[in-house]
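# Summary of the model geometry
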Amino acid sequence: MNEQTDVPHNLRVVQDKIQLTAQSATRDPTEPVLCAVSKTVSADGIEIAIAAGQRVFGENRVQEAEEKWPEIKERHKDVDLHLIGPLQTNKAAKAIHLFDTIETVDRPKLARILANEIANSGVTPTFYIQVNTGEEPQKAGVFPGHADEFIELCRDEYGLPLAGLMCIPPIDEEPTLHFSLLREIAHRNGLVGLSMGMSADYDIAIAFGATLVRVGTAIFGPRG
Ligand SMILES: *Cc1c(COP(=O)(O)O)cnc(C)c1O
């Protein structure tokens, strides 16, 4: 984050655009939640956003979150921290203590280990299942063709509290096809939460039903 970045101003601009887009899509303007993606942002930068009223944050790496967030959470008990990057099974135990929401559940082994950790620890974060809507080999997420089966496994077999689905569309493709595919999979499985949309396309995502948008650059400026 650059010294000149006016985080409180940027937050207002993004919140206004969220509300306006929701309104013009005839949605409740207070429904879409802004997750401020604070990866690479220092604890001081995050404190500025919290002072401006922001409460939901996203980090993509467990280790980075571990270094920054325990102290911040100690000071601000009402922040809601989301893991939005891939989760390795050997970090599952750490992750359920550090994060309030894990958006990247995407394979049976991880779901099983998370379920065991929850049973052993008593903490219960909320989960999203990540869907690899573009079927990109290098990207995490369950493929659309396996999503129904995987949702059922997570919900019925492992009893994970599922809030919804998350996707990261391929960077060089029109995102609307991916947003509508994610919405369709969620609806047919009775899931309400749709985590989709980033700085470049969160307004489009809201028009397609996003309940949670993950915005970094438009709030904190370009990452170095
Ligand atoms: C970094 C990141 C974002 C935010 O991207 P911006 O383009 O900076 O808004 C959103 N979602 C995920 C999964 C990310 O890793």
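Everything below is about the structure printed above this text.
Let me sum up the structure you'll find in this document. As the structure is a prediction and not an experimental result, all values here were calculated from the model. (Residues numbered from 1 in each chain as written. Predicted model: local features only at pLDDT ≥ 70, side-chain atom pairs only at ≥ 80, totals over all residues. Heavy atoms only, no water.)

## Describing the site of the ligand
- Around the ligand, the neighbouring residues are V37, K39, I84, M166, I168, M198, S199, R214, V215, G216, T217 and R223.
- At a separation of 2.8 Å, an oxygen atom of the ligand approaches a polar backbone atom of G216.
- Within the side chain of T217, an N or O atom sits 2.5 Å from an oxygen atom of the ligand.
- Expressed as a share of its isolated accessible area of 380 Å², the protein-covered part of the ligand is 88%.
- Considering only residue class, the shell around the ligand consists of 6 nonpolar, 3 polar and 3 charged. (Near = heavy atom within 4 Å. Polar contact = N/O pair within 3.5 Å; in protein donor to acceptor, adjacent residues only side chain to side chain. Areas by Shrake-Rupley, 256 points an atom, 1.4 Å probe, with all protein chains shown as cover. Nonpolar A, V, L, I, M, F, W, Y, C, P; charged D, E, K, R; others polar.)

## Here's the deal with the pattern of salt bridges
- Per the stated rule, a full pass over the model turns up 12 salt bridges.
- We note a salt bridge from K68 to E59, for which the minimum N-O separation is 3.0 Å. Each of the two residues, K68 as well as E59, counts as buried.
- We note a salt bridge from K68 to E64, for which the minimum N-O separation is 2.8 Å. A residue pair is termed a helical-turn pair when its members lie 3 or 4 positions apart in one helix, as K68 and E64 do in helix α3 (residues 62-75) at 4 residues. This pair shows no difference in class: K68 is buried, exactly as E64 is. (Salt bridge = Lys/Arg side-chain N within 4 Å of Asp/Glu carboxyl O. Buried < 20%, exposed > 50% of the residue type's maximum accessible area, 1.4 Å probe, protein only. Helix = DSSP H or I, 4+ residues; strand = E, 2+ residues; numbered from the N terminus.)

## Re the nonpolar core
- Of all hydrophobic cores here, the largest spans 60 residues; its most connected members are F57, I102, V105, L114, I129 and L160.
- Sorting elements by how many residues they give to this core places helix α5 (residues 108-121) first, with 6 residues.
- Beyond its immediate chain neighbours, meaning those up to four positions away, V105 contacts L110, A111, L114, F127, Y128, I129, Q130, F150, C154 and L160.
- C35, I84, M166 and L212 belong to the second largest nonpolar core, which has 7 residues in total. (Core = buried A, V, L, I, M, F, W, Y, C linked by side-chain atoms within 4.5 Å. Contact = heavy atoms within 4.5 Å.)

## Notes on the packing of helix α2 (residues 43-51) against α3
- Packing of α2 against α3 brings their axes to within 11 Å, and their N-to-C directions diverge by 30°. Judged on the interaxial angle alone, α3 and α2 are roughly parallel. The handedness of the crossing between α2 and α3 comes out as right-handed. Here A43, I46, E47 and I50 of α2 come into contact with α3, specifically with K68, W69, I72 and R75. (Axes fitted to C-alpha atoms, helices over the stretch in contact; angles between N-to-C directions. Parallel < 35°, antiparallel > 145°, perpendicular 65-115°, else oblique. Left-handed = near helix turned anticlockwise from the far one by under 90°.)

## As for the packing of helix α6 (residues 144-157) against helix α7 (residues 175-188)
- Where α6 meets α7, the closest approach of the two axes is 10 Å, and the angle between their N-to-C directions is 30°. On the basis of their axis angle, the class for α6 and α7 is roughly parallel. The interaxial crossing formed by α6 with α7 has right-handed handedness. From α6, P144, A147, D148 and I151 reach across to α7, where they touch L181, I185 and R188.

## Some thoughts on the environment of T5
- Structurally, the position occupied by T5 is in the segment before α1 (7-24).
- Accessibility expressed as a relative area gives 19% for T5, which makes it buried.
- Each C-alpha atom of the pair T5 and R55 lies 19 Å from the other, and the pair is 50 residues apart in sequence.
- Non-local contacts of T5, meaning those with residues more than four positions away in its chain, are made with N10, I219, F220 and G221.

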